[in-house]
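Here is how the chains run, residue by residue.
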Amino acid sequence: PFILVSHYGYSELGFGGIQALVFGPFVLGARFTHRRVGSQTIASLLKQGFLWVALGALLLLILSRLSASLWPVVVSMMLLTAGGAIVEGPLSRLAMEASPQPLGQTVAVFSTLFGLSNGLAGLVISVCNDKTFATLSIVMAVFMALGLLSYASSRTPPQLRPVS
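Here's a quick rundown of the structure.

1. A short note on the overall build of the chain
Assigned secondary structure in the chain consists of six helices and zero strands. Sequence-ordered secondary structure for the chain, helices as α and strands as β, is α-α-α-α-α-α. Sorting the 164 residues of the chain into buried and exposed places 27% on the buried side. Taking as baseline every contact in the chain between residues at least 6 positions apart, the subset at least 24 positions apart corresponds to 75%. Carbon together with sulfur atoms contributes 71% to the accessible area of the chain, which is approximately 10,100 Å² in total.

Structure (structure tokens):
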């Protein structure tokens, strides 16, 4: 919000509209995953989602430097959120199923770690904030690359047990 309000001069209502545009594709990506989860492998869905995330991050990195306009950045972020939605469900389920602990404990630990990672991301963005999308895009690209490297370094292909 600080970039949209201070740098681009949007009101809080304008920020809300742009936020809806950026996060609306998350719902579409989740619907895409829901429809495809029975007909595609999890590995295939994850590859598609990571491709969207990588494309969005790359476009954000490039377009935030080449264009002073907000709209190319918004389109890049829309790709990022759609791809994030495609991978979020399957990865969350894989993380839950990987633990031999009771489900309640697993969910509690997973939720805590998820919240802490969000807090860490917010802290990093706040520390690196110079009120430009150029710097924000670098931070996002670094975290995206770490996530892709983490996924690529896994030794076994992701498999989900059938839903009962």
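2. Some remarks on the pattern of salt bridges
Applying the stated criterion to the full structure yields one salt bridge. Note that Glu97 and Arg93 form a salt bridge whose closest N and O atoms lie 3.0 Å from each other. With Glu97 and Arg93 both in helix H4 (residues 71-98) and four residues apart, the pair spans about one turn of that helix.

3. So, the environment of Leu28
Within the secondary structure, Leu28 is located in helix H2 (residues 12-36). On the accessibility criterion, Leu28 (61% relative accessible area) is exposed. Along the backbone, Leu28 and Ala85 are 57 residues apart, and their C-alpha atoms lie at a distance of 8.0 Å.

4. Some thoughts on the environment of Val37
Along the chain, Val37 turns up in the loop between H2 and helix H3 (42-66). Judged by its relative accessible area of 39%, Val37 falls in the partly exposed class. Sequence spacing of Val37 and Pro90 is 53 residues, and the spatial spacing of their C-alpha atoms is 8.6 Å. Excluding its chain neighbours within four sequence positions, the residues that come into contact with Val37 are Ile42 and Leu45.

5. Overview of the packing of H4 against helix H6 (residues 133-152)
Running from N to C, H4 and H6 cross one another at 20°; their axes reach a closest spacing of 12 Å. Considering their axes alone, H4 and H6 lie roughly parallel with respect to each other. Between H4 and H6 lies a crossing whose hand is left-handed. Facing Val73, Met77 and Leu80 of H4, the residues of H6 in contact are Phe133, Leu136 and Met140.

6. Quick notes on the nonpolar core
Judged by nonpolar contacts, the single largest core of 13 residues is most densely connected at Met77 and Phe133. Looking at this core, the elements that each hand over two or more residues are H2, H3, H4 and H6. Residues contacting Met77, with those up to four places away along its chain left out, are Val22, Leu60, Phe133, Leu136 and Met140. Membership of the second largest hydrophobic core comes to six residues, among which are Leu45, Leu46, Val87 and Leu94.

7. Brief notes about a nonpolar patch on the surface
A cluster of nonpolar side chains, namely Ile138, Val142, Phe143 and Leu146, defines an oily patch on the protein surface of about 350 Å² accessible area. Relative to the helices and strands, Val142 resides in helix H6.

8. Some thoughts on H2
When the terminal C-alpha atoms of H2 are compared, their 36 Å separation across 25 residues agrees well with the 36 Å that a helix rising 1.5 Å per residue should span. Its maximal kink placed at Val22, H2 deviates by approximately 30°, while the proline Pro25 follows within four residues. Where H2 is concerned, the buried positions are Ile18, Val22, Pro25, Gly29 and Thr33.

9. Thoughts on the side chain of Ser137
Along the chain, the position of Ser137 falls in helix H6. A distance of 3.2 Å separates polar atoms of two side chains, one belonging to Ser137 and the other to Arg65. Each residue touching Ser137, except ones within four places of it in the same chain, is listed here: Leu60, Leu61, Ser64 and Arg65.

Parameters and conventions
Residues numbered from 1 in each chain as written. Predicted model: local features only at pLDDT ≥ 70, side-chain atom pairs only at ≥ 80, totals over all residues. Heavy atoms only, no water. Helix = DSSP H or I, 4+ residues; strand = E, 2+ residues; numbered from the N terminus. Buried < 20%, exposed > 50% of the residue type's maximum accessible area, 1.4 Å probe, protein only. Contact = heavy atoms within 4.5 Å. Areas by Shrake-Rupley, 256 points an atom, 1.4 Å probe, with all protein chains shown as cover. Salt bridge = Lys/Arg side-chain N within 4 Å of Asp/Glu carboxyl O. Axes fitted to C-alpha atoms, helices over the stretch in contact; angles between N-to-C directions. Parallel < 35°, antiparallel > 145°, perpendicular 65-115°, else oblique. Left-handed = near helix turned anticlockwise from the far one by under 90°. Core = buried A, V, L, I, M, F, W, Y, C linked by side-chain atoms within 4.5 Å. Patch = residues over 30% accessible without salt bridge, like charges linked within 9 Å, V, L, I, M, F, W, Y side chains within 5 Å. Expected span 1.5 Å × (residues − 1). Bend = angle between axes of the 7 residues up to and from the residue. Polar contact = N/O pair within 3.5 Å; in protein donor to acceptor, adjacent residues only side chain to side chain.

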